[in-house]
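# Report on the structure
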Amino acid sequence: MIIAIASGKGGTGKTTVATSLAISLAAELTPPPLFLDCDVEAPNAHLFLKPLFEHSREVGILLPQVDEARCTLCGRCAEICQYHAIAVLGQKTLVFPQLCHGCGSCAALCPEKAITEIPNHIGILERGQTPDGIPFARGVLNVGEPMAVPVISQLKTWAIPQPGQHVIADCPPGTSCPAVASIQGSDFLLLVTEPTPFGLHDLRLAVQVARELGVPAGVVINRDGSGNAGVDEFCRAEGLPVLMRIPFDRAIAEGIARGKTLIDIQPEYARQLLDLFEQIKQLAGAQPLRVSSRTIDASL
Ligand code: SF4
Ligand code: SF4
């Protein structure tokens, strides 16, 4: 089973939940879960799980390069590029590398064979093991590089679980392409949120992603007891199960700031996280989430 752990916004405690869940499962399951840090723009799960990396691999995409001598400025490449990453401007065909997804369509369809593809290094994949015996893999996007999705996609095909091994994927925050690429193919989406108006707003958007992808979802409310009841009311109205609550607690906040997991801070969380996993297992086979049109309209 692949459990994607995500949040509509950053700073909700998604990585805290993901790393703590991995540790609690590793103590109970053989093989231990495979942990994927898909938050390639700001990976930080290693700060909590402290893996030793043993293998690495570069990630690249192929960028088009136009041979001006062959190019007839026909504009076919610009027509087919979904990302507006290539354009005919005056007497030149220009490529915008920051927009290019390296899909290869322009090179394949250029009638003059004027486009060749050159490798462009955008990040790295790393794989190893934590002191708790958890296989750990992550992607790291180069600083300033905009294309997170190829790094995430290659991470998911490079770090393959063993038969019967569960996967915990710590996804990027938000609801843009990197988050969608990380969640896609998961059996369950665990949304970590906080009971604030911002948390509710972004939870609504994340729930729409779950609906679009057809992935069953549930919620963990972090810093419970702060803020207001809006998240609870939303979950109730949408039939979205609240699977765990983590109270607003200064000791937890201080422990996390020092790189500790929930279990390091309060060992009784190990049992709660195993209960969370049991609930996820039951829900993973459930019907995908349905969100009423009223709620979708309200969130837009
Ligand atoms: S499709 Fe080929 S020939 Fe046409 S503008 Fe693009 S690079 Fe030039
Ligand atoms: S490789 Fe794909 S994304 Fe990049 S310029 Fe060509 S068509 Fe556009």
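Residues numbered from 1 in each chain as written. Chains lettered and ligands numbered in written order. Predicted model: local features only at pLDDT ≥ 70, side-chain atom pairs only at ≥ 80, totals over all residues.

### What about the overall build of the protein chain?
Stated precisely, the cut-off is as follows: Each helix is a run of DSSP H or I of at least 4 residues and each strand a run of E of at least 2, with the numbering of both proceeding from the N terminus. Radius of gyration: C-alpha atoms only; globule rule: 2.2 Å multiplied by the number of residues to the exponent 0.38. Working definition of burial: number of other C-beta atoms within 10 Å of the residue's own, with buried at 20 or more, exposed at 12 or fewer, and partly exposed in between, all C-beta atoms being placed from the backbone. Residue pairs qualify as contacts under a 7 Å threshold applied to their C-beta atoms, which are placed from the backbone.
The secondary structure content of the protein chain amounts to 12 helices and 11 strands. Its C-alpha atoms give the protein chain a radius of gyration of 22 Å, within 12% of the compact-globule value 19 Å for 300 residues. Taken over the C-alpha atoms alone, the protein chain extends approximately 70 × 50 × 35 Å along its principal axes. Here the protein chain holds 300 residues, and 43% of them are scored as buried. Counting only contacts in the protein chain whose residues sit at least 6 apart along the sequence, the fraction spanning at least 24 positions is 75%.

### Side note on the pairing of strand S5 (residues 92-95)
Convention followed: When DSSP finds two or more bridges between two strands, those strands count as paired.
Two elements, strand S4 (residues 86-89) and S5, share 4 bridges in a ladder whose sense is antiparallel. Each residue of the ladder has a partner; that of Ile86, found in S5, is Val95. Between the antiparallel neighbours S4 and S5 lie 2 residues, among them Gly90 with a positive phi of about 60°.

### Topic: the environment of Gly75
Structurally, the position occupied by Gly75 is in the loop between strand S3 (52-66) and helix H3 (76-80). C-alpha of Gly75 to C-alpha of Ser186: the two residues are 111 residues apart in sequence and 39 Å apart in space.

### Focus: the domain arrangement of the protein chain
As a reminder of what qualifies: The start and end points of each domain follow an automatic or database-based domain assignment. Residue polarity is assigned by list, with Asp, Glu, Lys and Arg as charged and Ala, Val, Leu, Ile, Met, Phe, Trp, Tyr, Cys and Pro as nonpolar; anything else, Gly included, falls into the polar class.
Its domain assignment divides the protein chain into domain 1 (2-59 + 122-299) and domain 2 (61-121). The gap between the C-alpha centroids of domain 1 and domain 2 is 37 Å. Grouping the amino acids of the side of domain 1 that touches domain 2 by side-chain chemistry returns 4 nonpolar, no polar and 1 charged.

### Describing helix H8 (residues 230-238)
For clarity, the cut-off: An arc is given here, and it is the one of the directions from the helix axis to the C-beta atoms.
Among all positions in H8, only Val231, Phe234 and Cys235 are buried. Take H8 and look down its axis: the buried residues cluster within an arc of 95°, on one side only. Opposite the buried face of H8, at more than 90 degrees from it, the exposed residues are Glu233, Arg236 and Ala237. Considering only its buried residues, H8 is in contact with strand S9 (188-193), helix H7 (197-213), strand S10 (217-224) and strand S11 (242-247).

### Some details on the nonpolar core
How we decide: The nonpolar core criterion groups buried Ala, Val, Leu, Ile, Met, Phe, Trp, Tyr and Cys residues into a set whenever they are joined through C-beta atoms within 7 Å.
Within the largest apolar cluster, 83 residues are counted, with the highest numbers of intra-cluster contacts made by Ile3, Ile5, Ala22, Ala169 and Leu189. In terms of residue count, helix H1 (residues 14-26) provides more of this core than any other element does, 7 residues in total. Inspection of this core shows a minimum of three residues originating in each of domain 1 (2-59 + 122-299) and domain 2 (61-121). Each residue touching Ile3, except ones within four places of it in the same chain, is listed here: His166, Val167, Ile168, Ala169, Ser186, Asp187, Phe188, Leu190 and Ile280.

### Quick notes on the site of ligand 2
Test applied: For each residue, a C-beta atom is positioned from the backbone; the residue is called near a molecule or strand if that atom sits within 6 Å of it.
For ligand 2, the set of nearby residues contains 13 residues, the closest of which are Cys81, Ala85, Cys100, Cys103 and Cys106. Here the shell around ligand 2 is built from residues that sort into 9 nonpolar, 4 polar and no charged.

### Focus on H1
Owing to its 3.6 residues per turn, the α-helix aligns residues three or four sequence positions apart on the same side. Let me state the cut-off plainly: The span one expects for a helix is its residue count, reduced by one, times 1.5 Å.
With 13 residues, H1 ought to run about 18 Å at 1.5 Å a step, and its terminal C-alpha atoms sit 18 Å apart, in line with that. A large share of H1 lies buried, amounting to 13 of its 13 residues.

### Observations regarding the environment of Pro173
Relative to the elements of secondary structure, Pro173 occurs in the loop between strand S8 (167-170) and helix H6 (177-183). A sequence separation of 28 residues divides Pro173 from His201, and the C-alpha atoms of the two residues are 13 Å apart. Non-local contacts of Pro173, meaning those with residues more than four positions away in its chain, are made with Ser7, Lys9, Gly10 and Lys14.

### Concerning the site of ligand 1
Neighbouring ligand 1 are 14 residues; Cys71, Cys74, Arg76, Cys77 and Cys110 lie closest to it. Counted by class, the shell around ligand 1 contains 9 nonpolar, 3 polar and 2 charged residues.

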